[in-house]
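# Geometric and topological summary
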There are 4 protein chains.
Amino acid sequence: MCRSSIERGPATPVDVGILGATGVVGQRLASLLDHHPWFRLVWVGASDRSAGQRYGSLSWRAPGDAPACVRDRVVSSCDPSGAPRVVFSALDAAAAESLEPTFAAAGHVVISNARSWRMDRLTPLVVPEINPHHLDLLADQRRARGWDGAIVTNPNCSTVFLAMTLHALSAFGVERVVVSTQQALSGAGHPGVASLDATANVIPFIPGEEPKIETETAKILGTLEPGGIRPHPTRISATATRVPVLEGHVEVVSVELAASPALEDVEAAFARFRGECPPGLPSAPERPIELALNDDRPQPRLDCERGRGMTVVVGRLRPCPALGYKFVALGHNLIRGAAGAALLNAELMLARGLLPVAPR
Amino acid sequence: MCRSSIERGPATPVDVGILGATGVVGQRLASLLDHHPWFRLVWVGASDRSAGQRYGSLSWRAPGDAPACVRDRVVSSCDPSGAPRVVFSALDAAAAESLEPTFAAAGHVVISNARSWRMDRLTPLVVPEINPHHLDLLADQRRARGWDGAIVTNPNCSTVFLAMTLHALSAFGVERVVVSTQQALSGAGHPGVASLDATANVIPFIPGEEPKIETETAKILGTLEPGGIRPHPTRISATATRVPVLEGHVEVVSVELAASPALEDVEAAFARFRGECPPGLPSAPERPIELALNDDRPQPRLDCERGRGMTVVVGRLRPCPALGYKFVALGHNLIRGAAGAALLNAELMLARGLLPVAPR
Amino acid sequence: MCRSSIERGPATPVDVGILGATGVVGQRLASLLDHHPWFRLVWVGASDRSAGQRYGSLSWRAPGDAPACVRDRVVSSCDPSGAPRVVFSALDAAAAESLEPTFAAAGHVVISNARSWRMDRLTPLVVPEINPHHLDLLADQRRARGWDGAIVTNPNCSTVFLAMTLHALSAFGVERVVVSTQQALSGAGHPGVASLDATANVIPFIPGEEPKIETETAKILGTLEPGGIRPHPTRISATATRVPVLEGHVEVVSVELAASPALEDVEAAFARFRGECPPGLPSAPERPIELALNDDRPQPRLDCERGRGMTVVVGRLRPCPALGYKFVALGHNLIRGAAGAALLNAELMLARGLLPVAPR
Amino acid sequence: MCRSSIERGPATPVDVGILGATGVVGQRLASLLDHHPWFRLVWVGASDRSAGQRYGSLSWRAPGDAPACVRDRVVSSCDPSGAPRVVFSALDAAAAESLEPTFAAAGHVVISNARSWRMDRLTPLVVPEINPHHLDLLADQRRARGWDGAIVTNPNCSTVFLAMTLHALSAFGVERVVVSTQQALSGAGHPGVASLDATANVIPFIPGEEPKIETETAKILGTLEPGGIRPHPTRISATATRVPVLEGHVEVVSVELAASPALEDVEAAFARFRGECPPGLPSAPERPIELALNDDRPQPRLDCERGRGMTVVVGRLRPCPALGYKFVALGHNLIRGAAGAALLNAELMLARGLLPVAPR
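From a predicted model like this one, the values you see are computed outputs, not experimental measurements. (Residues numbered from 1 in each chain as written. Chains lettered and ligands numbered in written order. Predicted model: local features only at pLDDT ≥ 70, side-chain atom pairs only at ≥ 80, totals over all residues. Heavy atoms only, no water.)

## A closer look at the relation of the copies chain A and chain B
Rotating chain A by 180° about the axis while translating it 0.0 Å along that axis superimposes it on chain B, leaving an RMSD of 0.0 Å. Within this description, the copies of the chain are treated as partners about a two-fold rotation axis. Of the residues that chain A buries at the interface, 100% are likewise interface residues in chain B, meaning the two copies contact each other through the same surface. (Least-squares fit on C-alpha atoms with pLDDT ≥ 70 in both. Contact = heavy atoms within 4.5 Å.)

Okay, here's the thing in structure tokens:
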């Protein structure tokens, strides 16, 4: 498929489904797929509690109504038979661990937001602006596991935003990173955090989050080698807290850089960053990273929807007396950090001919 | 004055006043002084807007009513004549800059929470558990400025909590610190942050806060030398954000320690910390630092009132892949970080014979 | 038992237990019973999930720690054997429905905050300031059911505050009431409302709440007749909404009064209200109803702890163009509206010799 | 002008300006006017503090950036010379009182959201779905005041939502109304309510709001007579409270209806309501009133953007034991309740040939 064909997308939209379509991320995926130029949402799967019901009759947790494309579909149980060849997974980790391989073995390409297979040796963990070439791991995955399908994952929400900013600085040699996140409530799904705990409070612990940020980032920034990814040796230290915000994770980041760039050079690296993503993907933001113009930005409420929720906003770049430079990053946890991340991965795969569809 | 006399306090309560008595910190000071065993609040000063009015008739921003001891006092203008010899200052910085020296020159001891004189070469910046001996600077201050009175300051709220934890670790040699604060709305006073900005949001900038944390901490931990304080050489990097919490600042801290202590030793250093504060001060908490027992603590709403708001709670102590160790600290910004800090300084000074009162 | 003996309480504290001791109301009961002059908390019962564990090891959802009196007790399962003769019930309705009669049949006096038996024909629904004489129904209850023990209930949180204000106006003849409540999150217990639903939002429905307010109020204000209570004929209309507040329910009330009192008379009725509660009960507030002094009060955050959480604060009294008069009432939903309500009922019963204890 | 010409709008967009363009409502007006089919925003006026600055350089308080159409305009002072013939006013009341007549006298049509002239005898107070014919008052206004221009007003935010629902029920004869509002913070503008007051709290008073709701509603529903409007005799009682919500006012309403319609008839009256608005106005929602489908709706966060913020959502319709029927209404305070209300009035006036522009 030549580049121009990539940019125009498939001749006819590709049928896709969503595993775990009734959760917060599944609903957001359904919204993003409504009127999508390349994909057509034709199947929604969920737990047996919801299966058999009309999708539009289930509790919709975002403004407006369930998208028209899927409102009247009956929810299926999470069984490969009847599901389209391309499925997004917004399953929780326990379900994803066994169901995603089942779908892959049955010939489905699973584009997953679940954490279960992210750190698997043979599973690509991809952010299109950073490591699209890690998709080459799929050949190994299929061979080793005898799958006709595949599993491709995107990282944890907080990881995406951090990894993007570190990749933008990669020319300077990122040696050490201290990141402190302030994460929105929607990151915990629904019902998630009890309002009695969250209101006017900070909860300084999110189970499992910090190891995810530390290890997933190293894998994404890592080197593709025969049989796996060698993690990037950057020393990353994360603390993850929950704050009473609805959408948008804030990350306070200090970095030590091997080169000793001037502040203007670091700023330019963010401002000019375009990443490794091939052009023409519908969900790719014009600018993956944007610099905030005022000192008091980025703010989750005002800035997390930039680039239709796919842009990471960086602000407050300044010297760090302890490590070198420090800044604040913000990303939309449900879009760039979850549903949009999976969708962009699917677009990347389609553009690279990695989805089971006829090219135009 | 012998120790036992210290512990019993003054023979009769010492008359004190509050400059800036109508703000959030001034009101909290009035509450803490109600029924205080050593002090008697007899005078409240505020701007001309409030002067002449009954203190209890002004808007009281905390639960309950204005304290009985002061409810019926008429607010004075901020003029030394008529004010008691010992005054607390909860003035804003602009007013404090000129008014505090005026009071000191007129023979008053000003125990100030304002930032104006904290970094002044001849002004002690004191946390009783850390550097009570810095009060010795007062002799220089009085001599150089020809004051009968004096100015003593306590640090910025976030600084207190950080400095306490670093002092607890001082035996290990604190070399580098990265701290990210999540600060409560009450720290901005009233009206402070607009609700339209604060609700369900994070504001990643607090004007002037980060330099305060970095420089004040170094001064408090510094060495008293003839004519001033040599700042501690620790490299401290702070990022301060505002979160929609009412009271209690959270601090996410990573530290590099010269010694390479085991985790248990760091934990023990926090658990055993008692500090340099002489015994018997009424506002001193039994334990200046307390370790939280659960992973999801300390939380502002649940923990900031420990030790009557004077205890710093430390949790989540664990290795930091980037610097050495990391933890989360929490303190009550209005008590340990402001009104209680000033009050404890006053108690320390009384115990050391530094207030213009007759000992028992 | 003569009055003076009532006022002094029992010769030795009465042993009591709590059914459902681990929920939000159960924990609050434990706090209120700590250092209680008349009762001694010696037993805590909860579901099998918690039974066998140390009470202090379970998640404590309020500031500070579990009260000393009960911290080291092992949680029992909810079985009458081993439980003291007097038990408070903070069970959820499903459990209360069957467990409370089991305890009553086994000779225990159950003082319940659960809704299950409130509207039962033979069960008193009591607010000591309003209808202490409804306790006389207990004789019928015991006779009809063959119980040695008993069940006594307090109303739903919102009902208490409304019923108190209506009783204060009863001399004017309350004919119609329109009440709109804005209820705190803690009223839903833990985990209760999801933070994703509650944050920066209003939920205009609380299942079951409105009928409770309408029917329970009529019963409390009703007339004791042989064999039951004849409900008060006031026409009450309630709408209950949930707002992102932690503690304290606001009620916006319009009333039509048969007499056409002057505004001053209505105000005086609130200001002078003392109610029917016998003197000397430890949890009774000095003033069951207090008038707020400013137009922008009562506010949940500033006013719900008045009278140690047992006082209902009334503000904004003014003419209602539609019905007659209108005002805003506020009460602490966990204290006056739940745990404190039950405790005050227990104190009333002890004072009236209705608890199985030896008088002094 | 024939109907079809109305529906197609003007031949070329009409130049308009905004008085008070930098406040919360002024900014929202600018957003709504971006890409508007009938109007072109060419002028922004504000106080001298902002005059002379680039509009896009001023603090923008909504997600995204200031709209492209106006970003680079220089803010004018509020002087008629240089302003277009049609100006929206989002001025505060003090400024509007004198400035709006100045503009009207200078030949400008002022379409105002300010409260200053709403209750003026000769000024129409218009909601296009309810009383478009009240615009006929303009002839009297111009004659009596000798203006070439005019002032037309839209009501207070809460009033719009209430008046719409009452008008939908007008066939039944609305006799009495009790309404309790729960209003969003954005209704107070910026900085508006202090976060320290608003967070996790309810403020039961909004100065001036209740009389506005009561009197403006009666005027809108009133009868146009020679020389003025005879207010509708409905007895309306309002209580207005502030809740920690960002956008969307909730109204709890009880109504007494002269006819005694069945519940289905009341429901149908809401469902079928289309109002008196001529067809084809670009900002008019397809359905001015929509019925919520679930008991726990409408919720501000999920429902206030319905109909692009121009639809009032009604839910929980059910009998009211005190008055007849009760329901919950919700509207977007900044759109249907302010900026969108003014814009719809302008569209109505254009369609009726009341703006100083050449018809197509």
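Okay, back to it.
## Points about the sheet that holds strand S11 (residues 249-257) of chain C
All names here are of chain C. Pairing within the open sheet is mixed, and its 6 strands lie in the order S10-S7-S11-S14-S13-S12. The sheet terminates laterally at strand S10 (235-242) and strand S12 (289-291), the two strands that pair on one side only. When the angles between neighbouring strand axes are averaged without regard to direction, this sheet yields 25°. Bridge count for strand S7 (residues 174-183) against S11 is 8 bridges, and the pairing is antiparallel. Within S11, the residue paired with Val-178 across the bridge is Ser-254. (Pairing = 2+ DSSP bridges. Helix = DSSP H or I, 4+ residues; strand = E, 2+ residues; numbered from the N terminus. Axes fitted to C-alpha atoms, helices over the stretch in contact; angles between N-to-C directions.)

## Quick look at helix H8 (residues 209-220) of chain C
For H8(C), spanning 12 residues, the distance from its first C-alpha to its last is 16 Å, which sits close to the expected 16 Å at 1.5 Å a residue. Most of H8(C) sits inside the fold, with 10 of its 12 residues counted as buried. The set of residues buried in H8(C) consists of Glu209(C), Glu210(C), Lys212(C), Ile213(C), Glu214(C), Glu216(C), Thr217(C), Ala218(C), Lys219(C) and Ile220(C). As for H8(C), its buried residues are in contact with helix H6 (157-168), S7, strand S9 (228-230) and S10 of chain C together with strand S13 (312-320) and strand S14 (324-331) of chain D. (Expected span 1.5 Å × (residues − 1). Buried < 20%, exposed > 50% of the residue type's maximum accessible area, 1.4 Å probe, protein only.)

## Points about the interface of chain C and chain D
Across the boundary between the two partners, chain C contributes 47 residues, which contact 47 residues of chain D. Counting the surface lost from both chain C and chain D, the interface buries some 3600 Å², and carbon and sulfur atoms represent 53% of this. Among the residues chain C hides against chain D, the three largest losses belong to Pro204(C), Arg301(C) and Ala322(C). Together they make up 15% of the total. Arg318(D) serves as the salt-bridge partner of Glu210(C), at 3.1 Å between the closest nitrogen and oxygen. For the side of chain C that touches chain D, the secondary-structure elements that each account for two or more residues are S7, helix H7 (195-198), H8, S10, S11, helix H10 (300-303), strand S13 (312-320) and strand S14 (324-331) of chain C. Here the residues of the side of chain C that touches chain D are counted per class, giving 24 nonpolar, 10 polar and 13 charged. (Buried area = accessible area lost by both parts, 1.4 Å probe. Salt bridge = Lys/Arg side-chain N within 4 Å of Asp/Glu carboxyl O. Nonpolar A, V, L, I, M, F, W, Y, C, P; charged D, E, K, R; others polar.)

## Topic: the interface of chain A and chain B
Taken together, the contact pairs 47 residues of chain A with 47 residues of chain B. The contact between chain A and chain B buries some 3600 Å² in all, and 53% of this surface belongs to carbon and sulfur atoms. When the buried surface of chain A facing chain B is broken down by residue, Pro204(A), Arg301(A) and Ala322(A) rank first, second and third, together holding 15% of it. Linking chain A with chain B are 8 salt bridges. Applying the counting rule to chain A against chain B returns 32 residue pairs in polar contact (both at pLDDT 80 or more). Secondary structure elements with two or more residues in the side of chain A that touches chain B: strand S7 (174-183), helix H7 (195-198), helix H8 (209-220), strand S10 (235-242), strand S11 (249-257), helix H10 (300-303), strand S13 (312-320) and strand S14 (324-331) of chain A. Ranked by residue count, the leading element in the side of chain A that touches chain B is S10(A), at 7 residues. Classifying every residue of the side of chain A that touches chain B gives 24 nonpolar, 10 polar and 13 charged. (Polar contact = N/O pair within 3.5 Å; in protein donor to acceptor, adjacent residues only side chain to side chain.)

## Focus on the confidence of the model for chain A
Residues and elements named next belong to chain A. The share of residues in chain A with pLDDT of 70 or more is 97%, and the mean pLDDT across the chain is 95. Every residue in residues 1-5 is under pLDDT 50, and counting partners more than four places away or in other chains gives 7 contacts. Listed scores for the predicted complex are pTM 0.96 and ipTM 0.95. (pLDDT = per-residue confidence, 0-100.)

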